[in-house]
Amino acid sequence: MRKMKALLSLLMVFTFIFLAACSGGGADTPADAPETTPETNTEASGGNDTEPAAETDTENTEEAVAEDVPDLGGRVIKLSAWWDLTPTDTDAQGKALVEQLKKTEEKYNVKFEFVNIPYEEYMEKFTASVLAGEPLADITYLEYKAVLPAIQKGQLHKISEFTTPESSINTDQRLANAGPALLGEQYGFYGGMPSNGGVGIHYNRDLFEELGLPDLQELYDKGEWTWDKMLEIAKQATKDTNNDGKMDTWGFSGWSAQVGRNLIVANGGNTVLDPAGDETKATEGLTDPRTIEAIEYLASLYNNNVVKVKSGDKTLWEETDTFKDGDIAMFHAAQWQIGDINFEIGVVPYPIGPQGNPEVTYGDTALNAYFIPKGVKDPALVYQIFEELYDVPQLEEYPSQNYLESLYSYEDDIRIIRENITGTGLVSLDEAYPEYPYYSFVADVLVENASVASAAEKYKQQAQASIDKLEAQNK
């Protein structure tokens, strides 16, 4: 397995060669004229005198049509997220974006402002600002689980409302990479190139080597990475190495609800099922046989005592950070969580369940994109300016290269992320429905030891009622 070089440098050389040809009479030849013509070339015509090309024709050919660029008089265009979107010049890609920002501001006489709002405050401030008719930003990042209720309440513009068929978003792959349609319409979009990301099973390479465990990427490449194999390795990794009656290493950790969602999707299901056939609305996915099978597997991890539960609460979100203790062999983690660890890691997709397929490997609850809220002045013009802001070339070898190389030390990790994880997420929207009982369902199984089938039946009606209630607001 090859370890990446610490520094990759890119040398880009731009050479511009301008060729000019002059006629025998000394007049400039129009750019679209033939190299020689009988009228202007003395050798071709055999004459001694030559008339220069008409100046008026040359002037007409070279006359540029001025672009009609609106002057927005210093308007501030705000972009918001729960992190800082401000471009930085720390690498070639960032420098290009910083330069493009300056050009765009000058062209339209605008000023970009990047609004950073804490995640826990974000949706409350977004909703209040839109209801007041003063959106917190002209273009705002939103998670799809928050977008669905916002659409139902009429708070977001459809893409068709601020673009034309000729807009770049409708003619390239940007729209295809911007997430799913909701209620039959596209609302979200991205700026620039899509990133390489996604969710998988990470593993502690140092601990795997210490315990003599098989490398997960080798198993994956050989087609041997399955639910059974994951449980088998988790059992092998859960050890009391000093015989003091306490486990010193563990097979697995993670937030159980999120792990469960990913297992459901990796088994071909989803927490909320999209309409199919003649159905006109979403349906609950708790009682789906694929969900039952996936949550039964989740329960088996806990029942075999291979999961470290640091807090003592199997359902606590904070268990998502337990892997940072360094004594966990395999763990669920997103890329943003692994930047501060002190051991080598690897990554593979979630193992595919008996009813799943490799094209869909995890449930994406955090998918986000840009949206334009209702109440924004001149949304079509705002979008046009936004599109120009991110009209920069791809200068990295691949999207997110610098970011991924800052997190992973091995080329195979990035290979698997790019080829086998990115683009394999299926949006899971149970959190979009305020009263959807997915968390209660998982708690009944893991804490109350209820059978998965009985827990699913218990919450079936509440789950469907939650879906129906939100969808009724759109009628």
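Residues numbered from 1 in each chain as written. Predicted model: local features only at pLDDT ≥ 70, side-chain atom pairs only at ≥ 80, totals over all residues. Heavy atoms only, no water.

All right, on to the overall build of the protein then. Within the protein, the regular secondary structure consists of 16 helices and 12 strands. By residue count, 47% of the 475 residues in the protein fall in the buried class. Within the protein, contacts between residues separated by at least 24 positions form 76% of all contacts whose residues are at least 6 apart in sequence. (Helix = DSSP H or I, 4+ residues; strand = E, 2+ residues; numbered from the N terminus. Buried < 20%, exposed > 50% of the residue type's maximum accessible area, 1.4 Å probe, protein only. Contact = heavy atoms within 4.5 Å.)

What the rule picks out here adds up to 25 aromatic pairs. Note on Trp 82 and Trp 83: the rings are 5.2 Å apart at their centroids and 85 degrees apart in plane angle, and the pair reads as edge-to-face. On the accessibility criterion, Trp 83 (33% relative accessible area) is partly exposed. When the centroid spacing of 6.1 Å and the interplanar angle of 25 degrees are considered together, the rings of Phe 189 and Tyr 370 count as stacked. Note that Phe 189 is positioned in the loop between helix H6 (168-171) and strand S4 (200-204) and Tyr 370 in strand S11 (residues 368-371), a separation of 181 residues in sequence. Members of the aromatic cluster, connected to one another through ring pairs, are Trp 82, Trp 83, Tyr 119, Tyr 122, Tyr 141, Phe 162, Phe 189, Tyr 370, Tyr 383, Phe 386 and Tyr 390. (Phe/Tyr/Trp six-rings, centres within 6.5 Å; stacked < 30°, edge-to-face > 60°.)

The next subject is the sheet that holds strand S3 (residues 139-143). Here four strands make up an open sheet; going across it, the order is S2-S1-S3-S11 and the pairing mixed. Strands with a single pairing partner mark the edges of an open sheet, and in this sheet they are strand S2 (110-116) and S11. In this sheet, neighbouring strand axes are inclined to one another by 20 degrees on average, regardless of whether the strands run parallel or antiparallel. Two strands pair when backbone bridges link them, and strand S1 (residues 75-81) and S3 are joined in this way by two bridges, in the parallel orientation. Following the sheet pairing, Leu 79 is matched in S3 by Ile 139. Along the sheet, helix H4 (residues 119-131) makes contact with S1 and S3, crossing S3 at roughly 120 degrees. (Pairing = 2+ DSSP bridges. Axes fitted to C-alpha atoms, helices over the stretch in contact; angles between N-to-C directions.)

Judged by nonpolar contacts, the single largest core of 124 residues is most densely connected at Leu 79, Phe 189, Met 330 and Phe 441. Ranked by the residues each element gives to this core, the list is headed by helix H11 (residues 289-303), at eight residues. Beyond its immediate sequence surroundings of up to four residues, Phe 441 is in contact with Leu 286, Thr 291, Ile 295, Val 452, Ala 455, Ala 456 and Tyr 459. (Core = buried A, V, L, I, M, F, W, Y, C linked by side-chain atoms within 4.5 Å.)

A large share of S4 lies buried, amounting to five of its five residues. Across four bridges, the pairing between S4 and strand S8 (residues 328-333) is antiparallel. For Tyr 203, the partnering residue across the bridge sits in S8 and is Met 330. Summarising the sheet, S4 and strand S9 (residues 345-348) pair through four bridges and their orientation is antiparallel. Note on S9: the bridge partner recorded for Asn 204 is Ile 345.

Before going further, it helps to spend a moment on the confidence of the model for the protein. Looking at the protein, pLDDT values average 84 and 81% of them are 70 or higher. Predicted confidence is poor over residues 1-65, with pLDDT under 50, and the contacts of this stretch with residues over four places away or in other chains come to 43 contacts. (pLDDT = per-residue confidence, 0-100.)

Looking now at the sheet that holds strand S5 (residues 250-253). One open sheet accounts for four strands, arranged S5-S8-S4-S9; its pairing is mixed. Pairing within the sheet leaves two strands with one partner each, and these edge strands are S5 and S9. The sheet shows a mean angle of 20 degrees between the axes of neighbouring strands, taken without regard to direction. Its contacts with the sheet place helix H14 (residues 411-421) against S4 and S9, and it is angled at close to 20 degrees to S9.

On to a nonpolar patch on the surface. Together, Trp 317, Trp 336 and Tyr 403 line one region of the surface with nonpolar side chains, adding up to about 390 Å² of accessible area. Mapped onto the secondary structure, Trp 317 falls in the loop between H11 and S8. Residue Trp 317 is classed as partly exposed on the basis of its relative accessible area of 40%. (Patch = residues over 30% accessible without salt bridge, like charges linked within 9 Å, V, L, I, M, F, W, Y side chains within 5 Å. Areas by Shrake-Rupley, 256 points an atom, 1.4 Å probe, with all protein chains shown as cover. Salt bridge = Lys/Arg side-chain N within 4 Å of Asp/Glu carboxyl O.)

Most of S8 is tucked away, with six of its six residues classed as buried. Sheet analysis places S5 next to S8, joined by three bridges and oriented parallel. In the strand pairing of S8, Ser 253 is matched with Phe 331.

A word on the packing of helix H15 (residues 438-446) against helix H16 (residues 452-472). One can describe the packing of H15 onto H16 by two numbers: an axis separation of 9 Å at closest approach and a directional angle of 150 degrees. Between H15 and H16, the crossing angle belongs to the class labelled roughly antiparallel. Considering how the two elements wind past one another, H15 and H16 form a crossing that is right-handed. In this structure, H15 contributes Ser 440, Phe 441, Asp 444 and Val 445 to the contact, and H16 contributes Val 452, Ala 455, Ala 456, Lys 458 and Tyr 459. Each residue belonging to the contact of H15 with H16 can be placed in one class, and the counts come to six nonpolar, one polar and two charged. (Parallel < 35°, antiparallel > 145°, perpendicular 65-115°, else oblique. Left-handed = near helix turned anticlockwise from the far one by under 90°. Nonpolar A, V, L, I, M, F, W, Y, C, P; charged D, E, K, R; others polar.)

Another aspect to go through is the environment of Glu 388. On the secondary structure map, Glu 388 appears in helix H12 (residues 379-389). Separated by 284 residues in sequence, Glu 388 and Thr 104 place their C-alpha atoms 6.9 Å apart. Aside from chain neighbours lying at most four places away, what touches Glu 388 is Gln 100, Thr 104, Lys 107 and Tyr 108.

In a regular helix each residue adds 1.5 Å, so 21 residues correspond to 30 Å; H16 covers 29 Å between its end C-alpha atoms and thus fits that length. By the largest-angle criterion, Tyr 459 marks the main kink of H16, which is about 45 degrees. Within the sequence span of H16, burial applies to Val 452, Ala 455, Ala 456, Tyr 459, Ala 463, Gln 464, Ser 466, Ile 467, Leu 470 and Glu 471. On its buried side, H16 packs onto helix H5 (144-152), strand S6 (272-273), strand S7 (283-284), H11 and H15. (Expected span 1.5 Å × (residues − 1). Bend = angle between axes of the 7 residues up to and from the residue.)

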